[in-house]
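Reading the structure
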Amino acid sequence: MTTTPLQDAARVGLGTFLVGAGLSHLTVAREGFRAQVPPWVPIDVDDTVVISGCAEVALGTALVAFPRERVRIGTIAALFFTAVFPGNIAQWRHRRDGLGLNSDRMRFLRLFAQPVPIAVALWSTGVVPRR
């Protein structure tokens, strides 16, 4: 299946966003991302942030560098965004400030934003067929 120029631009934009977010996990926003790690994760909090940051850099790079594999990578990216959703729930439930989410309202509203990157990953890579 082919994708449109708009889908291709969105795929590259999502990839670029992921690389930036992943690098921020490893540098300037590391503490903020620690607030999203649920207490039940059996890995050290900082290790979890580093691992997820590396995964984001890898996914973002792959989205841009391997357009022929876009459907497979888009599926993996959507699954990744789904897998990190419990972190958003934990941040809201445990009232942890981080990443500019410093109120119950902001943390709650963030929960409804999570479907956006999932949808963009699926649409921009052609996983969801055009009509």
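The following refers to the structure shown. (Residues numbered from 1 in each chain as written. Predicted model: local features only at pLDDT ≥ 70, side-chain atom pairs only at ≥ 80, totals over all residues. Heavy atoms only, no water.)

**Here we look at the packing of aromatic side chains**
Taken as a whole, this structure holds 3 aromatic pairs when the rule is applied. Judged by centre distance (5.5 Å) and plane angle (50 degrees), the rings of W92 and F108 are tilted. With a gap of 16 residues between them, W92 in helix α5 (residues 85–93) and F108 in helix α6 (residues 104–113) connect regions that are remote in the sequence. Ring geometry for F108 versus F112: centroids 5.2 Å apart, planes at 75 degrees, classification edge-to-face. Here F108 and its partner F112 are both found in helix α6, 4 residues apart, which amounts to about one turn of the helix. Since its relative accessible area comes to 35%, F108 is described here as partly exposed. (Phe/Tyr/Trp six-rings, centres within 6.5 Å; stacked < 30°, edge-to-face > 60°. Helix = DSSP H or I, 4+ residues; strand = E, 2+ residues; numbered from the N terminus. Buried < 20%, exposed > 50% of the residue type's maximum accessible area, 1.4 Å probe, protein only.)

**Some words on the nonpolar core**
Counting 11 residues, the largest nonpolar core is built from L14, L18, L59, A62, L63, I73, A77, A78, F80, F81 and A121. Counting only elements with at least two residues in this core, the list comes to α1 (5–26), α3 (45–65) and α4 (70–83). Looking at this core, the element that brings in the most residues is α4, giving 5 residues. Sequence-distant contacts of L18, that is, excluding residues within four places in its chain, are made with E56, V57, L59, G60, L63 and F81. Core analysis: the second largest hydrophobic core is formed by 5 residues, A29, V37, V41 and V49 among them. (Core = buried A, V, L, I, M, F, W, Y, C linked by side-chain atoms within 4.5 Å. Contact = heavy atoms within 4.5 Å.)

**A word on the packing of α4 against helix α7 (residues 115–124)**
Running from amino to carboxyl end, α4 crosses α7 at an angle of 170 degrees, the nearest separation of the two axes being 8 Å. Classified by the angle their axes make, α4 and α7 are roughly antiparallel. Note on element contacts: α7 touches α4 through P117, I118, A121 and L122, opposite G74, A77, A78, F81 and T82. Broken down by class, the residue content of the contact of α4 with α7 amounts to 7 nonpolar, 2 polar and no charged. (Axes fitted to C-alpha atoms, helices over the stretch in contact; angles between N-to-C directions. Parallel < 35°, antiparallel > 145°, perpendicular 65-115°, else oblique. Nonpolar A, V, L, I, M, F, W, Y, C, P; charged D, E, K, R; others polar.)

**So, unusual backbone geometry**
If you check the backbone angles, R95 has positive phi at about 55 degrees while not being a glycine. The phi torsion at L99 lies on the positive side, around 60 degrees, for a residue other than glycine. Its location among the elements puts L99 in the loop between α5 and α6.

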